[in-house]
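Coordinates in review
Residue-level listing of the chains:
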Amino acid sequence: MEGDTPTAVELFRLSLKPPEENNAGWNEYVRANIAFLEGDFERLLNEREALSAMARPGYGDINLGVVNGLIACFGRTYLDAYTTAECDRRPMQ
């Protein structure tokens, strides 16, 4: 959120889970965030599609909403895309 993209990408990579622990598409969510940070729109869309196929009601829906927001606000800062109202695609709680 502070603009240190290389550190953010590394921290996201460290949060990847082994396949057997990839609950509700966590790894797809993480890779979508990395794609956004690296400016790779096509990879972001591909990870969103994979996440959509794996997301379960609840936590997975929230992550899918975050990724949808990253897509909607692609090209903006991560802070904007993650936090501004016009980018927020998370389901209402």
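Residues numbered from 1 in each chain as written. Predicted model: local features only at pLDDT ≥ 70, side-chain atom pairs only at ≥ 80, totals over all residues. Heavy atoms only, no water.

Named according to an unreviewed UniProt entry, the chain is Putative lipoprotein originating from Hyphomonas hirschiana VP5.

This part covers the state of the cysteines. Tallying each qualifying case throughout the model produces one disulfide. The side chain of Cys73 participates in a disulfide bridge whose partner is Cys87; the two sulfur atoms lie 1.9 Å from each other. One quick way to see it: the torsion about the S-S bond of Cys73 and Cys87 is about -100°, and its sign makes the bridge left-handed. In this pair, Cys73 is assigned in the loop between α4 (59-72) and α5 (78-83) and Cys87 in the segment after α5, connecting sequence segments 14 residues apart. (Disulfide = S-S within 2.5 Å. Helix = DSSP H or I, 4+ residues; strand = E, 2+ residues; numbered from the N terminus.)

Once that is clear, we can look at the environment of Tyr29. In this structure, Tyr29 sits in helix α2 (residues 26-37). Using a relative accessible area of 7% as the deciding quantity, one classes Tyr29 as buried. Separated by 15 residues in sequence, Tyr29 and Leu44 have C-alpha atoms that sit 9.4 Å apart. Beyond its immediate sequence surroundings of up to four residues, Tyr29 is in contact with Leu51, Asn63, Val66, Val67 and Tyr82. (Buried < 20%, exposed > 50% of the residue type's maximum accessible area, 1.4 Å probe, protein only. Contact = heavy atoms within 4.5 Å.)

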